[in-house]
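# Observations on the model geometry
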Amino acid sequence: MNSLTISSPAKVNLFLKVLGRRPDGYHELLTLFHRISLSDRLTLRKIKRPHFRLITNHPKLKRFRANLVYRAYQLLRQLVSWKGGVEVTLEKNIPIAAGLGGGSSNAAHFLLGMNRLFRLGLPKKTVIRIGSQIGSDAPFFLHDTNQAVGTGRGEKIKPFPSHQKLWFVLVIPSFGLSTRQVYKRLRALALTRLTRAVTITSAHSDRQRIARLVASGENDLFPASCSMRPELGRINSLFEQSGVQRRLMSGSGPTIFSIHNSKREAERTARLIRDRMHGAKMFVCHTC
Ligand code: C5P
């Protein structure tokens, strides 16, 4: 086998609770990751020279040293050796810095692909450990499940498969948001509430509790992102005016999305809001 092509899907968070701040500066989370059909494509090809080469259709990712796939390559090189190098072709469809986990998904799928293509023989546990060094969202994509509860900084994953095919309308504004900056703003907005000590118990992933949190449709980062970009409040109102009950922001934003039980309902919503979005991108997609 000389090359491998894999799909690298995005995620949305069906709720996101920030439980407190940790001594290491990260925030303790309780969230539900849900894999969606919007995806990038990664092709890994063996090359003779022991180099890393990146070909991509996204102009902002061409400086590959800042790319999470390159970070994954570096971590892998520190741990194992293999003959030759790799050329990665990344066909980007997932908007970057949008709260959809695109970069983390690319890095995670790169690791899985490298393990197969070069027969590195890395156990799942090791791959997940490398993933958690790349970013808080990466471990989710290393688990073979379409939905999972995330705790810790988001990297502790408990599979929670979804048997229902949900449909989503994603609205992605033209600006990106830095996750770090959003958390910083959250601290400025809610300092006292977030400094209390946090203990996570297994009760957090109790089925009923998860169902209640999904029904609440809350993302604790929304007020922070919205105070940085008030346009988000307008997109949220647009969904509300279209009669959408279930809507929230994904991750640290700026993607706002609605949740539907059928394709018809999702497409109807998309038609209603399409002309009023001013420069934002829109995707209709479903559970992966
Ligand atoms: O883990 P990741 O690299 O995606 O996180 C980016 C930044 O977001 C971190 O450096 C941190 O400032 C913030 N963050 C946080 N708590 C989390 C996840 C991210 O404070 N649970």
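Thresholds, definitions, all that
Residues numbered from 1 in each chain as written. Predicted model: local features only at pLDDT ≥ 70, side-chain atom pairs only at ≥ 80, totals over all residues. Heavy atoms only, no water. Helix = DSSP H or I, 4+ residues; strand = E, 2+ residues; numbered from the N terminus. Rg over C-alpha atoms; globule rule 2.2 N^0.38 Å. Buried < 20%, exposed > 50% of the residue type's maximum accessible area, 1.4 Å probe, protein only. Contact = heavy atoms within 4.5 Å. Areas by Shrake-Rupley, 256 points an atom, 1.4 Å probe, with all protein chains shown as cover. Near = heavy atom within 4 Å. Polar contact = N/O pair within 3.5 Å; in protein donor to acceptor, adjacent residues only side chain to side chain. Nonpolar A, V, L, I, M, F, W, Y, C, P; charged D, E, K, R; others polar. Phe/Tyr/Trp six-rings, centres within 6.5 Å; stacked < 30°, edge-to-face > 60°. Core = buried A, V, L, I, M, F, W, Y, C linked by side-chain atoms within 4.5 Å. Pairing = 2+ DSSP bridges. Right-handed = clockwise from strand over helix to strand, strands pointing away.

## Topic: the overall build of the chain
A tally of regular secondary structure across the chain gives ten helices and ten strands. In terms of overall size, the chain behaves like a compact globule, its C-alpha atoms giving a radius of gyration of 19 Å where 288 residues would be expected to give roughly 19 Å. In the chain, which comprises 288 residues, the proportion classed as buried is 56%. Taking all contacts inside the chain whose residues are at least 6 apart in sequence as the whole, residues at least 24 apart take part in 74%. Accessible area for the chain stands at about 14200 Å²; split by element, carbon and sulfur atoms hold 49% of it.

## Description of the site of the ligand
In the region of the ligand, the neighbouring residues are Gly25, Tyr26, His27, Leu29, Gly135, Ser136, Arg153, Thr179, Arg180 and Tyr183. Within the backbone of Arg153, an N or O atom sits 3.0 Å from a nitrogen atom of the ligand. Surface burial for the ligand is 75%, taken as the share of its 450 Å² of free accessible area covered by protein chains. Going through the elements one at a time, strand 2 (27–47) and helix 5 (179–189) are the ones with two or more residues in the shell around the ligand. Of the residues in the shell around the ligand, the class split is three nonpolar, five polar and two charged.

## Section: the packing of aromatic side chains
Applying the stated rule across the entire model yields nine aromatic pairs. Between the aromatic rings of Phe52 and Phe110, the centroid separation amounts to 6.3 Å while the plane-to-plane angle is 80 degrees, which identifies the pairing as edge-to-face. With Phe52 in strand 3 (residues 52–56) and Phe110 in helix 2 (residues 102–117), this pair connects stretches of sequence that are 58 residues apart. As far as the burial class goes, Phe52 and Phe110 line up, both buried.

## Considering helix 3 (residues 124–134)
Three or more residues of helix 3 are buried, namely Thr126, Val127, Ile128, Ile130, Gly131, Ser132 and Ile134. Residues of helix 3 that are buried sit in contact with helix 1 (68–79), helix 2 and helix 4 (138–142).

## Structural notes on the nonpolar core
Ranked by size, the top nonpolar core spans 38 residues in total, and within it Phe52, Leu76, Val86, Val88, Phe110 and Met114 carry the most contacts. The set of elements that each furnish at least two residues to this core consists of strand 1 (3–21), strand 2, strand 3, helix 1, strand 4 (85–91), helix 2, helix 3 and helix 4. Sequence-distant contacts of Val88, that is, excluding residues within four places in its chain, are made with Leu42, Thr43, Leu44, Phe52, Arg53, Leu54, Ile55, Val69 and Phe110. Val169, Leu177, Tyr183 and Leu186 belong to the second largest nonpolar core, which has 27 residues in total.

## Details of the pairing of strand 4
Across the seven residues of strand 4, five count as buried, placing the element largely inside the fold. As defined by bridge partners, strand 2 adjoins strand 4 across seven bridges and the pair is classed as antiparallel. Each residue of the ladder has a partner; that of Arg41, found in strand 4, is Glu91. At this point the chain moves from strand 3, through helix 1, to the parallel strand 4, and the crossover so formed is left-handed.

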